[in-house]
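Spelled out from the first residue to the last, the chains are:
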Amino acid sequence: MGVKRNKREDEGMEGDSVNKSSNKKMKKEKSEILPSSIKNKEKRSAVHAKLKHQKKLEKRKKLKARDAAEKRALELGEELPPKQIPRTIENTREADETVCMPDDEELFAGNDADEFSLILKHERTPKTLITTCRFNSTRGPAFISELLSVIPNAHYYKRGTYDLKKIVEYANNKEFTSIVVVHTNRREPDALLIIGLPDGPTAHFKLSSLVLRKDIKNHGNPTSHKPELVLNNFTTRLGHRIGRLIQSLFPQDPNFRGRRVVTFHNQRDFIFFRHHRYIFDIKESKQSDSKGKKAKDAKGEGITEEKVVARLQECGPRFTLKLVSLQHGTFDTQGGEYEWVHKPEMDTSRRRFFL
């Protein structure tokens, strides 16, 4: 009987230890409960505020420790600790095999043989035909007039009832190098079609966030000088091709006296268009001597120092493009072969980009 009692006692001790460990686990789980899992609104907001305050305190401690380390390194003449790079969607993007490398010989060989090589080698001057869809809108003509001021050697033709294939034939006969079609929907431009001539390709963009020149505060009026072109962050093979298509719209010999800059900035597959002119202003600043008093000349006036300061003035328009498809050759909806088409199932991650 005594042996049986000892066994029961041992079993009871084991049960107590299991209960204690389970209680500890429960306490940990309770401490790590997310605020979203709490149904009571007041308790949920209190837990959220507490967690937020704890994160803020931890961040402050890290900043103080970093400042102390930098101060110590400066006093001892040592190297400063490396700067931390913020974690963004851009620098954590998914790895892409098509990203262009600076030593890619195949890419450079393709550039010499593609459809834009004649224009980019200055063997042919760019000439652009701009037209609309069959049903024009109220803001469409204003947008086109501003496009005509942005793209040098651009000409506007009314669409009428002509098919786009006939317009392509006409533009080829008149030695145009590209066609830009502004599509409108519900009285608002919503798409842009860029066709390279004579052999393509054809790029279809979704157009959004359009702001005309008159709606931009303190806008400037552009001159007729040829603008400088800035293409930023077109890193993949597809992005490189789109960049060369956009580049073929503009002449490759900008007039720097005009101080005009046209920018196409790609970020997360959205192409942001901006049109600026840079201005050099001369600002006068009063000099001061070593004692902190203003130095004065013989007449008793302060000595002024002139400084040249550069600033930007936006000329407009302002809009955003999103690539929908890229087609081989000129526009053909039935028998056209597509190089790339955006599909909803391709958006598997926020960190997957194609340009």
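A short tour of the structure in this document, coming up. (Residues numbered from 1 in each chain as written. Predicted model: local features only at pLDDT ≥ 70, side-chain atom pairs only at ≥ 80, totals over all residues. Heavy atoms only, no water.)

Looking only at helices and strands, the chain has seven helices and eleven strands in total. Put simply, of all contacts in the chain between residues at least 6 apart along the chain, 67% involve residues at least 24 apart. As presented, the chain carries roughly 24800 Å² of accessible surface, and 51% of it is formed by carbon and sulfur atoms. (Helix = DSSP H or I, 4+ residues; strand = E, 2+ residues; numbered from the N terminus. Contact = heavy atoms within 4.5 Å. Areas by Shrake-Rupley, 256 points an atom, 1.4 Å probe, with all protein chains shown as cover.)

That bond from L197 to P198 is cis: its omega, 5°, falls within 30 degrees of zero. By the element assignment, P198 lies in the loop between β4 (188-196) and β5 (202-211). Cis geometry marks the peptide bond from G316 to P317; its omega dihedral reads 0°. Summarising the element assignment, P317 is placed in the loop between β9 (304-314) and β10 (318-327).

Within a regular strand, the side chains alternate between the two sheet faces. For strand β1 (residues 128-132), the tally of buried residues reaches five of five residues, placing the bulk of the element in the interior. Going residue by residue along β1, you find T128, I130 and T132 tucked away on one face and L129 and T131 tucked away on the opposite face as well. Two elements, β1 and strand β2 (residues 154-156), share three bridges in a ladder whose sense is parallel. Pairing of T128 across the sheet is with A154, part of β2. As a crossover connection, the stretch from β1 through helix α5 (residues 140-150) into β2 is right-handed. Relative to strand β3 (residues 178-185), β1 runs parallel, the two being bridged by five bridges. Paired with T128 across the two strands is S178, which belongs to β3. (Buried < 20%, exposed > 50% of the residue type's maximum accessible area, 1.4 Å probe, protein only. Pairing = 2+ DSSP bridges. Right-handed = clockwise from strand over helix to strand, strands pointing away.)

On the surface, F280, I282 and V308 cluster together to form a nonpolar patch covering roughly 340 Å² of accessible area. For I282, the location among the structural elements is in strand β8 (residues 270-286). I282 gets classed as exposed once you look at its relative accessible area, which sits at 59%. (Patch = residues over 30% accessible without salt bridge, like charges linked within 9 Å, V, L, I, M, F, W, Y side chains within 5 Å. Salt bridge = Lys/Arg side-chain N within 4 Å of Asp/Glu carboxyl O.)

Turning our attention to the packing of aromatic side chains. The way to describe two aromatic rings as a pair is by their centre distance and the angle between their planes. Enumeration over the complete set of coordinates arrives at eight aromatic pairs. A centroid spacing of 5.8 Å and a plane angle of 70° characterise the contact between Y157 and Y170, whose relative ring orientation is edge-to-face. Linking Y157 in the loop between β2 and α6 (164-173) with Y170 in helix α6, this pair joins segments that are 13 residues apart in sequence. Its relative accessible area of 32% is what places Y157 among the partly exposed residues. (Phe/Tyr/Trp six-rings, centres within 6.5 Å; stacked < 30°, edge-to-face > 60°.)

With respect to the helices, strands and loops of the structure, K165 is situated in helix α6. Along the primary structure K165 and F331 are separated by 166 residues, whereas in three dimensions their C-alpha atoms are 7.0 Å apart. The residues contacting K165, other than those within four sequence positions of it, are F331 and D332.

Here we come to the environment of I216. Tracing the backbone through its elements, the reader meets I216 in the loop between β5 and β6 (228-232). Residue classification places I216 among the buried residues on the basis of a relative accessible area of 7%. Remark: the alpha-carbon pair of I216 and R318, spanning 102 residues in sequence, is separated by 8.7 Å. If sequence neighbours within four positions are ignored, I216 has contacts with V211, E314, G316 and R318.

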